[in-house]
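Residue strings, one per chain:
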Amino acid sequence: MKVYEQVATLLSQHGVQTMFGLLGDANMYLAAAFEAAGGRFVRAAHEAGAVSMADGYARMTQRWSVATVTHGPGFTNSLTALLEAARFSTPVLVITGDTPSEATHMQRLDIAALCASVGVAHERVHRPDTVARDVTRAIHRLESTNSPVVLNIPVPITLTDNNTGPVPPVAPLAWSVPVAQPDDDALDAALGLAASAARPVIVAGRGVVDSGAEASVLALADALGAGLFTSGLGIGLFAAHPRNLGIMGSIAHEEATPILMDCDCVIAVGTSLNKYTSLGGEILDGKSLIHIDVDPVKLGWYVTPTCGLVGDAASVATVMADGIRQSQLPEKKTWKQRCQKASEAMKQWTPPDDKTGADTVDIRVATARLDAILPPDCVTVSDVGRFIAGSWPHLTKVAPGRFTAMTGFGSIGLGVAGAIGAAVSAAGTTTVVLVGDGGFMMNVSELATAVRERLPMVLAVFNDGAYGAEYHKLIDEGLSAQHSYNVWPDIACTAAGLGAGAITIRTLEDFEPAARAIAELAGPLVLDIRLDPTHHLVF
């Protein structure tokens, strides 16, 4: 048995059924062996796409995933996507391998040094007789850190005959990660702050989704009479609650903003309170802040809390809810009515400054119309760009855990591939991609992967023909916004040329054929949604 065959067998024993990759000298034998043994090998057009696909797959399945790239430029091509996975804390095993030991090898590269420079863990298969131990060590590191690991299998080793006998069965992990419990004094202080608040709100983030703590947080909100916000990555939480106020921060709904401004206590659960959620701390000025997170590093990372609690979101919220109920606080009837009224107004809202033109649509209206024609069980993956401000607040059909955004490293262009991985996971019947024209064109080649795999995807391309953040900054500096404009090939024609369905949206009536196409979806469908570049929403 060759080493690459042993590695393929080990991956299968660990439950890996799908691998994403692009072939080269360092990985083609492993990929071939994995596929020959019955595994699904999804072929990417670019190495960054392979890693982003594995990233999206892991986010939707809640388990680690595998991507494989070759050495040298194959590995360097993957770095932006690898950093996205690292910053988001996604467990992706990236398998590559050192070149043969030759000083003049064209693709030589110090993989370990490069991993160290970007803060990504590096493991190595050292000898043919240590393959099982080395691969298992890398997987254990993935499972215990919930972060990417690069597994380096040097080419001379991967091609070696391994005469150590049959591949030993995989032993299950025998440890569990202990969950921190909140300090009693800190818990008492948090209960005191919450009980004394006249106008409390709760903001819940990705930690609440990942720990399945929605019901516990709702119990705390009901005990307090609190309004309910989410972070961007908490979209989908509290959707049916009468005091659901949507996203907190820079892209908050205008009907919910007065509630946030008037509240006197914010309880943040499982969210880092980054500069978008907290506006750099500005919206928390003058308010008590109770910050709850399982990771103590997250407490005070962006904003210093009045009281910080380390612990699991569900258990801490439950303890706090019990404590509040025992206190028998008077009902905050007026505050609850204000929150409910704002929540109702959000559902009825239409933009008073609708910017729909003769051949362009207002992104807010367009997103609401798109939301209306999407199936209820769709998965949504967002790229990053100024379109976020006009689209995220108007999504209503997203369930907790079925929304993610490729925003960890702040790079445009990773959303399409990330969504392909989510679609391969089959977490929902339809996968929706939200992406700007620049991000779409940066990795449009991966659309061919979605076509080849016949993935039921809707790619909403918010096409304003400009780089949005740069548009805003150029104007702020007194320069011409024209420098941010770009002229692309016709996006719908480009998509059709790659084999996808395609519809150009210039008016709201154009969503009618889009609705019919989505109802009959059998592969990727690209919606080229034309926007006015001068209609500038910022986040």
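What counts, and where the lines are drawn
- Residues numbered from 1 in each chain as written.
- Predicted model: local features only at pLDDT ≥ 70, side-chain atom pairs only at ≥ 80, totals over all residues.
- Heavy atoms only, no water.
- UniProt positions renumbered as here; feature names shortened; annotations may be inferred.
- Buried < 20%, exposed > 50% of the residue type's maximum accessible area, 1.4 Å probe, protein only.
- Helix = DSSP H or I, 4+ residues; strand = E, 2+ residues; numbered from the N terminus.
- Pairing = 2+ DSSP bridges.
- Core = buried A, V, L, I, M, F, W, Y, C linked by side-chain atoms within 4.5 Å.
- Domains from an automatic or database assignment.
- Contact = heavy atoms within 4.5 Å.
- Axes fitted to C-alpha atoms, helices over the stretch in contact; angles between N-to-C directions.

Going by an unreviewed UniProt entry, the protein chain carries the name acetolactate synthase and comes from Mycolicibacterium murale. In the Catalytic activity (unreviewed entry) part of its UniProt record, the protein chain is described as follows: "2 pyruvate + H(+) = (2S)-2-acetolactate + CO2".

Colleague: Outline the pairing of strand E11 (residues 288-293), listing residues and values.
Modeller: Extensive coverage of E11 is indicated by the burial of 5 of its 6 residues. Across 5 bridges, the pairing between strand E10 (residues 265-269) and E11 is parallel. Looking at the pairing, Ala268 lines up with His291 of E11. Here E11 runs beside strand E12 (residues 307-310); their pairing, made up of 4 bridges, is parallel. Bridging across to E12, Ile292 finds its partner in Leu309.

Colleague: Can you tell me about the nonpolar core, naming the residues and giving the values?
Modeller: In terms of nonpolar packing, the biggest core is built from 50 residues, with Phe75, Phe440, Met457 and Val526 touching the most fellow members. In terms of domain composition, this core takes at least three residues from each of domain 1 (3-159) and domain 3 (363-530). For Phe440, the contacting residues outside a window of four places in its chain are Val416, Val435, Leu447, Leu459, Val461, Ile491 and Val526.

Colleague: Outline the sheet that holds strand E8 (residues 227-230), supporting the account with residue identities and numerical values.
Modeller: Spatial ordering of the open sheet is given by E9-E8-E7-E10-E11-E12, a layout of 6 strands whose pairing is parallel. Sheet topology places strand E9 (244-247) and E12 at the edges, where each strand pairs with a single neighbour. In this sheet, neighbouring strand axes are inclined to one another by 20° on average, regardless of whether the strands run parallel or antiparallel. Judged from the 4 bridges that link them, strand E7 (residues 200-204) and E8 form a sheet pairing that is parallel. Looking at E8, one finds that Val201 is bridged to Gly227. Along the sheet, helix H9 (residues 184-196) makes contact with E10, E11 and E12, crossing E12 at roughly 130°.

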